[in-house]
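# Chain and residue survey
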Amino acid sequence: MQTKYLILILGLLIVILAHGDRGRKAGGSGPYIKSILGIENGSGRRIKGYDYIRVLAVMAVIGTHVVQSDTQLSSGSPGWIGLRIAETAFLTCNVLFVMLSGALLLNRGEEPVASFYRKRVFRVVIPMAVYYMFYLYMGLYHSGLFNPANWLDAGRRFLSGPSDWNPHFWLMYVIISFYLTAPFFRVMVQNMSDRLLTSFVFLTFVMNGALAWLPLAGIQFSFVTVLCGWESVFVFGYFWTRPVSKRFFKLFMALGTVSFVFTAAASCIAPDGAEMLFNKAPSMLFMAGGIFAWFSERENRLKMPGMAVRVIGKYGFSILLIHWYILHYVTEERLGLFASSLGVIGGTALAMAVTLILSLLAALVFDNTVVIAVEYVCEAALKWLEKIWKRLTRRSAS
């Protein structure tokens, strides 16, 4: 029997063992299936607005890449203008994800750094590495997946950052960098007074604005610190978890609306120049802040998220990882669906819906087969190493 078939059989056995182990920990097949779908009963402390924002951000990421990949419309045409306006709204996705990370990670009690890192390795780094390997297999290795030399090459590429086959992974590397600093940022921001935190956020807006817009005046801004990096957006997300943020709900909703109109107009009139209004620029921060303010203000009136929202939220990270392949190699290449296929509105909506559904199905299957198997093996290896370490420390102590 060929080696690859033996590996596949071994992998299947590991998947069965992994699900069996997790099923026992969950208390049976019923609760475990609910946990797989993300519809288990929560603790009652879940913030509903964050669930909706997460799904909104996932859809916005897909929408961004749908409209950006459509080059069939001529510049200045009504359809082209529609796509530029849609892109302006969708591009809040990056800021929303970083803000969500800050709101969720920095608004927690202190925990041991090693424990925090261990959780993030299994929840984020390992799945990301597995999906990274998938892209390399589809784009580079093909039938050479089981070649050890390719594994070493994949490890080198993974540590080097996104590849040509998964450029959208840049955001994942940004988020992982926050996980490295989160235990320390958490102590810092939680010990800030409301006034000091507000001043910090205000200063980050000034610094990000200077970094984005001073080059228009021929000034190269060189005072680049965490105040004008993605870390500032990370802290901005935490800001919305503090009661002081309530004072700014209406202000940010108004400024967010104005920023959207201005940015959309600039994107249509001077699409190349509008780049300075995206990402960490204050215009985009106002838009994302307005979205957070809108959901935060209505938290007590929001309905509990339905099954669709909870399932998408559960697999949101994996959808981000796999959607690039689904969009470009399935939705567009295989199905022939583009943003302009059925008119801008219909084509964009259809391409987004198909990509979202197929990405969710792919993530559901991939996470519960390949990813869970790798996690199970890594957990077993870590436990084995911990046992060896304990034995060695006991011997040295005696």
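These remarks concern the structure in this document. Owing to the predicted nature of the structure, the values given are computational and were not obtained by experimental measurement.

### Considerations on helix α11 (residues 249-269)
Relative to the 30 Å expected for 21 residues at 1.5 Å per residue, α11 spans 30 Å between its end C-alpha atoms, a close match to the ideal helical length. Here α11 has its buried residues at Phe 249, Phe 252, Met 253, Gly 256, Ser 259, Thr 263, Ala 264, Ala 266 and Ser 267. Summarising the axial view, the buried residues of α11 lie within an arc of 160 degrees, below the 170-degree limit, and thus occupy one face. Exposed and facing more than 90 degrees away from the buried side of α11 are Lys 250, Val 258, Val 261, Phe 262 and Ile 269. Next to the buried residues of α11 lie α4 (78-90), α9 (194-213), α10 (230-239) and α12 (282-297).

### A few points about the packing of aromatic side chains
Taken as a whole, this structure holds 28 aromatic pairs when the rule is applied. A centroid spacing of 6.3 Å and a plane angle of 20 degrees characterise the contact between Phe 236 and Phe 239, whose relative ring orientation is stacked. Of this pair, Phe 236 and Phe 239 both sit in helix α10, separated by three residues, roughly a single helical turn. Across this residue pair, the class does not change: Phe 236 and Phe 239 are buried. Ring plane angle 50 degrees and centroid distance 5.6 Å describe the contact between Phe 252 and Phe 286, whose orientation is recorded as tilted. Here Phe 252, found in helix α11, pairs with Phe 286, found in helix α12; they are 34 residues apart in sequence, far enough to count as distant. These aromatic residues form a ring-pair network of at least three members: Tyr 131, Tyr 132, Phe 134, Tyr 135, Phe 158, Phe 169, Tyr 173, Tyr 325, Tyr 329 and Phe 366.

### Quick word on the side chain of Arg 242
In this structure, Arg 242 sits in the loop between α10 and α11. Within the local environment of Arg 242, its side chain forms a polar contact with the side chain of Tyr 238, the two groups lying 2.9 Å apart. With near-sequence residues (within four places) excluded, Arg 242 lies in contact with Val 189, Gln 190, Met 192, Ser 193, Asp 194 and Leu 197.

### Describing the nonpolar core
Among the nonpolar cores identified, the biggest contains 112 residues, and Phe 236, Trp 240, Phe 292 and Ile 319 are the most heavily contacted of them. Considering each element in turn, this core owes the most residues, 13 residues, to helix α6 (residues 113-141). Sequence-distant contacts of Phe 292, defined by excluding residues within four places in its chain, comprise Tyr 50, Ile 53, Leu 96, Met 99, Leu 100, Ala 103 and Trp 240.

Conventions and cut-offs
Residues numbered from 1 in each chain as written. Predicted model: local features only at pLDDT ≥ 70, side-chain atom pairs only at ≥ 80, totals over all residues. Heavy atoms only, no water. Helix = DSSP H or I, 4+ residues; strand = E, 2+ residues; numbered from the N terminus. Expected span 1.5 Å × (residues − 1). Buried < 20%, exposed > 50% of the residue type's maximum accessible area, 1.4 Å probe, protein only. Arc of directions from axis to C-beta. Contact = heavy atoms within 4.5 Å. Phe/Tyr/Trp six-rings, centres within 6.5 Å; stacked < 30°, edge-to-face > 60°. Polar contact = N/O pair within 3.5 Å; in protein donor to acceptor, adjacent residues only side chain to side chain. Core = buried A, V, L, I, M, F, W, Y, C linked by side-chain atoms within 4.5 Å.

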